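Descriptive analysis of the structure
Chain by chain, the residues run as shown.
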Amino acid sequence: MGDEHKYAKHLLHYERVRKIIPNQSQTLSKSPGQFRKGTMPLFSARAKGAYIWDITGNKLLDYMGALGPIILGYADTVTDNAIKKQLKDGIIFSQPHPLEFEVAKLITQLVPGADMVRFGKNGSDATSGAVRIARAYTKRDVILFCGYHGAQDWYIVSTERSAGVPRMLKQLVHGFEYNNLDSLEKLFTKFPGKVAAVIMEPAYAEHPKGRFLADVKRLAHAHGALLIFDEVITGFRWSSGGAQKYFGVTPDLSCFGKSIANGMPLSAIAGTRTVMQKTEDVFFSFTYGGECLSLAAAKAVLSELKRNPGILKHVWRMGEKLQKGIQKSIESHGLSHSIACVGFPPRPIMQFYKDNGESSPELRALFQQYIIDAGILYSTYWNITYAHREHHIAFTLRAVDEALRKVKHDIAEGVVLKKVGRSIAPVFAMHAGGKKA
Ligand SMILES: Cc1ncc(COP(=O)(O)O)c(C=O)c1O
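This write-up is about the structure you can find in this document.

About the thresholds
- Residues numbered from 1 in each chain as written.
- Predicted model: local features only at pLDDT ≥ 70, side-chain atom pairs only at ≥ 80, totals over all residues.
- Heavy atoms only, no water.
- Patch = residues over 30% accessible without salt bridge, like charges linked within 9 Å, V, L, I, M, F, W, Y side chains within 5 Å.
- Areas by Shrake-Rupley, 256 points an atom, 1.4 Å probe, with all protein chains shown as cover.
- Salt bridge = Lys/Arg side-chain N within 4 Å of Asp/Glu carboxyl O.
- Helix = DSSP H or I, 4+ residues; strand = E, 2+ residues; numbered from the N terminus.
- Near = heavy atom within 4 Å.
- Polar contact = N/O pair within 3.5 Å; in protein donor to acceptor, adjacent residues only side chain to side chain.
- Nonpolar A, V, L, I, M, F, W, Y, C, P; charged D, E, K, R; others polar.
- Core = buried A, V, L, I, M, F, W, Y, C linked by side-chain atoms within 4.5 Å.
- Buried < 20%, exposed > 50% of the residue type's maximum accessible area, 1.4 Å probe, protein only.
- Domains from an automatic or database assignment.

1. Let's talk about a nonpolar patch on the surface
Residues L87, I91, I92 and Y288 make up a contiguous nonpolar surface patch of about 380 Å² in total accessible area. By the secondary structure assignment, Y288 is in the loop between helix 9 (273-276) and helix 10 (292-307).

2. Structural notes on the site of the ligand
Taken together, the neighbourhood of the ligand is formed by 12 residues, with G123, S124, D230, I233 and K258 sitting nearest. Note that a nitrogen atom of the ligand is positioned 3.3 Å from one of the backbone N or O atoms of Y148. Within the side chain of K258, an N or O atom sits 2.9 Å from an oxygen atom of the ligand. Here the ligand loses 83% of its free accessible area of 390 Å² to cover by the protein chains. Split into classes, the residues belonging to the shell around the ligand amount to 3 nonpolar, 5 polar and 4 charged.

3. A look at the nonpolar core
With 63 residues, the main nonpolar core has I107, I260, F367 and W382 as its most contacted residues. If you tally residues by element for this core, the top one is helix 10, at 9 residues. For this core, the domains that each give at least three residues are domain 1 (8-74 + 310-420) and domain 2 (77-307). The next biggest cluster of nonpolar side chains, apart from the first, holds 28 residues, and it includes L181, L213, I233 and V249.

Next comes the structure, spelled out in structure tokens:
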């Protein structure tokens, strides 16, 4: 499995990097710690369309999508031309640039819950900003959450990787379970008159049952709290108006990032006029908030999504084919008790279980190894982009079927642990209703 010699250059680079870069990466989920050293590529050099090339020139069909920002495909011509054109005029200026208005306008046209918009850089800027606005608006402190919401203190204190964050913040954030209204209701009962907002990913692995999202909104409002949808993943992926348009539930505030600019660093908070006006009293300000290469990229991406609804239809269709095909393979190999392909077509998620129902990082690592051996860069989820075509999906389904055949064989022979060795540690285990980052 894998080819140690093939990855020698990766190991060499890893040794150099680890001397001067803690975690060997700027993003935990991309770090070499998330891949099995010696048997997988660890560093990328370039990307185009649906492919990435690693530092040895090895070409891989990519489904990580840079962790989500890529929606049109890597080095997309329309986006890249917009960036190049803007570069001639300048990157950033001493006063606001008209692009801020143009992109904000596009978002108000596309997103049901967007009357007003502000920009940041990372998704974490948007989620922490939205939480701050909600606290200022309601004059309350407690936040109820469901999902992953980024790197800032207010949220990360609730996770296992919270070194350096004041413990006292922990009493202000509490997790509830997706599709479990009771778990949310209990928290409202426990903190009467104290909850500023419910922040949640509108969808992740599970589909909302019945009126779950509408009920969350009703409950939040009944208790005087705001509803914030963290659409950093779902925004401009589930639909051009985000998951809120897809599910028909409009939050008070929404957070966008990732695919808003096909890879350029931009995030946004959008919301109703009454709530967003509170931003004028809140400190939400960054030197690079109005940086124009990213805004030009966002203008190109959002205009494309608005002009051509076929883009996201294609993403859904490819994702549906992939998800159904994987699920069929899982069933045909009799692996349904150990592996599932859940979530939504724009981003199907694989789940791996031990016999006792706990998640199995070892099975995940084994499957990932076989898929990467087949020339596909994959980690947990399949991030579908407009660049993924029928032939990519067909190729991937053949590779998945073969990988599952091997996984089944390894389970039957009892050699899973021997093959994967020490399993890869997740970035952190998530809370109720959450996921691994
Ligand atoms: C749902 C969600 N919210 C917020 C974030 C944080 O975004 P960023 O890493 O860009 O700060 C992420 C990142 O993965 C995310 O998935």
